[in-house]
Amino acid sequence: KLDRDLGAVGAFTVPPLVNSLWALDSEQVVLQVQGLARLPDVSAVRLQPRGGAELHAGASVLSDETFERVFPLVHAEDGARHDLGTLTLVTDLRADRERLMRQGVISFIGGAAVNLLIVMIAVSVYHAYMRRRMTGIADELQDITPDDLRRAPPSGRAAAAAPDSDEFDELTASIVALKATGGQALRDAEHKTAFLRSLMDTIPDLIWLKDGDGVYLACNPRFERFFGQREADLLGRDDFAFFARELAESFRENDRLALEVGGPRTNEEWLTFAADGYHGLFETIKTPMRDADGRLIGVLGIARDVTRQRQATDALREREELYRTIVSQAGEGIVLIDPENLHFVEFNDRACEIAGCTRAEFARMSVCDAMSGTPPEVVRQAIL
C-alpha cells in the first residue's frame, strides 16, 4: 500500500519537477521538494540532479527502518531523452507506525468518547424513566400506613396488570392489591380486637394476661379496680412493682404451677381491692395461653368473686350442724327414711337406743328389719 501511495505521489509530482529542472528554475524546484516533504506518507525527500549537489528536505534523522521509492527524472524533447537526475521519496516506517498509532488512538478515543456520550445519554434517559416509575411506586408505598388502610374503601379492588406490563407495573398492581386487601384485613382485625376487648371489659370477673416472665400484657376494668391502677400503668410491669414480696411471690408461684400443669389450675385467695377497699374471697383460674402455632403467649388469669357463695355455704353448714345438734339431743327417736328402699337416711342417738343397737348397726337396717314379721307392703303403706 505504501509503495502504491508513493508511486501515485511520484506520478503526480515528477512531471512538474522535471519541467522546473529543465527550465533551471531552482526556486521552484526547492518549493516543490519542500512541498513533497510535507505529504503524510513522505518522511524525507532527496533530489539528486545530474552533475549538481543533492537537495534534501524533510526529516534529517531517520530510523533504521525506512522505505524508499526512487523516480528517474527524464525530460523528453524532439524525440530525445535527457536524464536530469533522480528523486527519492523516503518513508520512516517507525515514525509512520507511530503516526498511525496516534491516529488509531485518537480514533479510538474519539469513538470511545462518542460511545460514552451515547451511553451517558441512554443512562440519563433510563434514569429519568426509572426515577419516574420508582417515584410512582414510592407514592403508592407512602399510602400504606394503618390510617391510610383504614380509609381505603372496603370494596376496593386492584386493577390487573396489562398483558404487556413489566415488573414495575406488576409491582404497582401488587401494591394497589395490598392496599385494597390490607385495608379490609386491618378493619377485620380491629373489629375482632374491639369485639374481644368489649367482651373482656363486660365480664364482671377479674381478667388479666401475663407473659412467661410474669409481666402484664392486658387486663380488664375490674382488674384495674383491684390494682387501683390503669391498664396503661400495669403493662410492662410485674407483681413485685405493686405488692409486697411475699404476696407477689405467691402470685408468681401460682403462675409457674399453671405453666407446669399445662392446663387450668384453680385456687382460692382473699383479695383486697385497692380502689375501694373491698375484701372478698375469689376463685382464681390460671391457664397457659398459646397462639395458633402452639407458642406460649403467657398465663391467662380469671378471678371470680365467690364470697357470697362461701357465706351461703357456711351458713347452711352452721344450720345443718344446729339441726343435727337439736335432733341428737331430742328425747324421742327421730329417723329420716328413704321412700324407695325404706332405709334409714338419718337418725338420732335416741332411735338407736330404742332399737337397742349401735349407730353402725342401725345404719345397716331398714324399716322392714326394725318391724320384723310385718310384710313390706304393709310397712310401706304405713309410712307413705
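Whatever comes next refers back to the structure up there.
The notes below deal with the structure included here. Just so it is clear, the model here is predicted, and its values are computed rather than measured.

Remarks on the overall build of the chain
Right, so step 1: When its secondary structure is counted, the chain shows 13 helices and 11 strands.
Right, so step 2: Radius of gyration (C-alpha) of the chain: 60 Å, far over the 21 Å computed for a compact globule of 384 residues.
Right, so step 3: Burial statistics for the chain: of 384 residues in total, 27% are counted as buried.
Right, so step 4: Long-range contacts, defined here as pairs at least 24 residues apart, represent 46% of the contacts in the chain between residues at least 6 apart.

Quick look at the pattern of salt bridges
Working definition: two side chains of opposite charge can pair if their charged atoms are close together.
Right, so step 1: Scanning all chains against the criterion turns up 22 salt bridges.
Right, so step 2: With a closest N to O distance of 3.3 Å, Arg 197 and Asp 201 form a salt bridge. Of this pair, Arg 197 and Asp 201 both sit in helix 5 (residues 167-202), four residues apart, roughly one helical turn.
Right, so step 3: We note a salt bridge from Lys 210 to Asp 239, for which the minimum N-O separation is 2.5 Å. Residue Lys 210 is found in strand 5 (residues 206-210), and its partner Asp 239 is found in the loop between helix 7 (231-234) and helix 8 (245-261); the two are separated by 29 residues along the sequence. For the pair formed by Lys 210 and Asp 239, the shared burial category is buried.
Right, so step 4: When salt bridges that share partners are traced, they join Lys 210, Asp 239, Arg 252, Asp 255 and Lys 286 into one network.

Re the pairing of strand 5
One face of the sheet, then the other: side chains in a regular strand alternate in exactly this way.
Right, so step 1: With five of five residues buried, strand 5 is to be regarded as a mostly interior element.
Right, so step 2: Taking every second residue as pointing to the same face, both faces of strand 5 are buried, with Leu 206, Trp 208 and Lys 210 on one and Ile 207 and Leu 209 on the other.
Right, so step 3: When strand 5 meets strand 9 (residues 296-305), the two strands line up antiparallel, connected through five bridges. Each bridged residue has a counterpart across the sheet, and for Ile 207 the counterpart in strand 9 is Ile 302.
Right, so step 4: Here strand 5 pairs with strand 6 (residues 216-219) via three bridges, running antiparallel. Among the inter-strand pairings, Leu 209 is bridged to a residue of strand 6, identified as Ala 218.
Right, so step 5: Hairpin connection from strand 5 to strand 6: five residues lie between these consecutive antiparallel strands, with Gly 214 at a positive phi of about 85 degrees.

Considerations on the nonpolar core
Right, so step 1: Counting 20 residues, the largest nonpolar core has Leu 17, Leu 21, Val 45, Leu 47, Leu 73, Leu 87 and Leu 89 as the members making the most contacts within it.
Right, so step 2: Mapped by element, the contributors of at least two residues to this core are helix 1 (2-22), helix 2 (26-37), strand 1 (44-49), strand 3 (66-77) and strand 4 (80-92).
Right, so step 3: Here this core gets seven residues from one element, more than from any other, and that element is helix 1.
Right, so step 4: Aside from chain neighbours lying at most four places away, what touches Leu 17 is Val 29, Gln 32, Leu 47, Leu 73 and Leu 87.
Right, so step 5: Core analysis: the next-biggest nonpolar cluster, separate from the first, contains 13 residues, Tyr 216, Cys 219, Leu 234 and Ala 303 among them.

Here's the deal with a nonpolar patch on the surface
Right, so step 1: A cluster of nonpolar residues, Met 101, Val 105, Phe 108 and Ile 109, forms a patch on the protein surface that exposes about 430 Å² of accessible area.
Right, so step 2: Relative to the helices and strands, Phe 108 resides in helix 3 (residues 93-141).

Some points on the environment of Arg 230
Right, so step 1: In this structure, Arg 230 sits in the loop between helix 6 (221-227) and helix 7.
Right, so step 2: With 10 residues separating them along the chain, Arg 230 and Asn 220 place their C-alpha atoms 9.4 Å apart.

Here's the deal with the environment of Cys 357
Right, so step 1: Residue placement: Cys 357 occurs in the loop between helix 10 (349-355) and helix 11 (359-363).
Right, so step 2: Taking the C-alpha atoms as reference, Cys 357 lies 103 Å from Thr 135; in sequence the two are 222 residues apart.

Some thoughts on the sheet that holds strand 3
Right, so step 1: The strand order across the open sheet built from four strands is 2-1-4-3, with neighbouring strands paired in antiparallel fashion. The open sheet has two edge strands, strand 2 (55-58) and strand 3, and neither has a second partner. Geometrically, the sheet is characterised by an average inter-axis angle of 15 degrees between neighbouring strands, direction not taken into account.
Right, so step 2: Looking at chain direction, strand 3 and strand 4 are connected through 12 bridges and run antiparallel. Its bridge partner being in strand 4, Phe 67 is matched across the sheet by Thr 91.
Right, so step 3: Contacting strand 1, strand 3 and strand 4, helix 1 runs over the sheet at an angle of about 35 degrees to strand 3.
Right, so step 4: Across the sheet, helix 2 is in contact with strand 1, strand 2 and strand 4; its angle to strand 2 comes to roughly 35 degrees.

Looking at the sheet that holds strand 9
Right, so step 1: Spatially, 6-5-9-8-7 is the arrangement adopted by the five strands of the open sheet, whose pairing is antiparallel. Every interior strand has two partners, whereas the edge strands, strand 6 and strand 7 (265-272), have only one. Ignoring which end each strand starts from, the neighbouring axes of this sheet average 25 degrees apart.
Right, so step 2: As defined by bridge partners, strand 8 (residues 279-290) adjoins strand 9 across nine bridges and the pair is classed as antiparallel. From the neighbouring strand, Thr 287 faces strand 9, where its bridge partner is Leu 300.
Right, so step 3: Together, strand 5, strand 7, strand 8 and strand 9 form the strand contacts of helix 8, whose direction differs from that of strand 7 by roughly 165 degrees.
Right, so step 4: Seen against the sheet, helix 9 (residues 307-328) touches strand 7, strand 8 and strand 9 and runs at an angle of roughly 125 degrees to strand 8.

A short note on helix 8
Right, so step 1: The terminal C-alpha atoms of helix 8, which comprises 17 residues, lie 24 Å apart, in line with the 24 Å expected from a rise of 1.5 Å per residue.
Right, so step 2: Buried residues of helix 8: Ala 248, Phe 251, Arg 252, Asn 254, Asp 255 and Ala 258, and no others. Along the long axis of helix 8, the arc covered by the buried residues comes to 150 degrees, so they all point the same way. Turned more than 90 degrees from where helix 8 packs its buried face, Arg 245, Glu 246, Glu 260 and Val 261 sit exposed.

Rules behind the numbers
Residues numbered from 1 in each chain as written. Predicted model: local features only at pLDDT ≥ 70, side-chain atom pairs only at ≥ 80, totals over all residues. Heavy atoms only, no water. Helix = DSSP H or I, 4+ residues; strand = E, 2+ residues; numbered from the N terminus. Rg over C-alpha atoms; globule rule 2.2 N^0.38 Å. Buried < 20%, exposed > 50% of the residue type's maximum accessible area, 1.4 Å probe, protein only. Contact = heavy atoms within 4.5 Å. Salt bridge = Lys/Arg side-chain N within 4 Å of Asp/Glu carboxyl O. Pairing = 2+ DSSP bridges. Core = buried A, V, L, I, M, F, W, Y, C linked by side-chain atoms within 4.5 Å. Patch = residues over 30% accessible without salt bridge, like charges linked within 9 Å, V, L, I, M, F, W, Y side chains within 5 Å. Areas by Shrake-Rupley, 256 points an atom, 1.4 Å probe, with all protein chains shown as cover. Axes fitted to C-alpha atoms, helices over the stretch in contact; angles between N-to-C directions. Expected span 1.5 Å × (residues − 1). Arc of directions from axis to C-beta.

Read these as layout, nothing more, since geometry by itself doesn't imply function.
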